[in-house]
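Coordinates in review
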Amino acid sequence: MERYAIIDVETTGLSPKTERLTEIAIIILEGGKVLEEFSTLINPEMKIPYRITQLTGINNQMVQDAPFFYEIAKKIVQITDGCTFVAHNASFDYRFIQAEFAHFG
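Everything in this summary refers to the structure shown in the same document. (Residues numbered from 1 in each chain as written. Predicted model: local features only at pLDDT ≥ 70, side-chain atom pairs only at ≥ 80, totals over all residues. Heavy atoms only, no water.)

1. Concerning helix α3 (residues 69-80)
Taking 1.5 Å per residue as the helical rise, α3 with its 12 residues ought to reach 16 Å, and the 15 Å between its terminal C-alpha atoms agrees with that figure. Those residues of α3 that fall on the buried side of the exposure criterion are Phe69, Ile72, Ala73, Ile76, Ile79 and Thr80. The buried residues of α3 occupy an angular sector of 150° when projected down its axis, which confines them to one face. Relative to its buried face, α3 has exposed residues pointing more than 90 degrees away, namely Tyr70, Lys74 and Gln78. One or two positions beyond α3, positive phi appears at glycine 82, with a value near 80°. (Helix = DSSP H or I, 4+ residues; strand = E, 2+ residues; numbered from the N terminus. Expected span 1.5 Å × (residues − 1). Buried < 20%, exposed > 50% of the residue type's maximum accessible area, 1.4 Å probe, protein only. Arc of directions from axis to C-beta.)

Okay, here's the thing in structure tokens:
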């Protein structure tokens, strides 16, 4: 039976080359049943532009004590292993997640 990782991210902007994740939410679905849920704010290690705060509701104070991406990367790999990636804007979300993994090697 196929497993799906339904993923949504929020970011500091539109370019994965220069911007970072501020939040990730993942639901693992198999056979119509939710197997696991994971969500967290992420410290982007940069300031969140005001226009992004207006759009997402996420501000600098909210992420200042949030984990860095490298602190949650292993969890993301573990729960999504073998899953089909599903997202509202899959190419956007996937590029940002790829960039985050590339950022810390």
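2. So, the side chain of aspartate 93
With respect to the helices and strands, aspartate 93 occurs in helix α4 (residues 90-104). The charged side chain of aspartate 93 is buried without a salt bridge, its nearest counter-charge being arginine 95 at 8.6 Å. (Lys, Arg positive; Asp, Glu negative; His and termini not counted. Salt bridge = Lys/Arg side-chain N within 4 Å of Asp/Glu carboxyl O.)

3. Quick word on α4
An ideal rise of 1.5 Å per residue puts 21 Å on 15 residues; α4 measures up with 22 Å between its terminal C-alpha atoms. Here the buried face of α4 lies against β1 (3-11), β2 (21-30), α3 and β4 (84-86). Downstream of α4 by one or two residues, glycine 105 has phi in the positive range, about 85°. (Contact = heavy atoms within 4.5 Å.)

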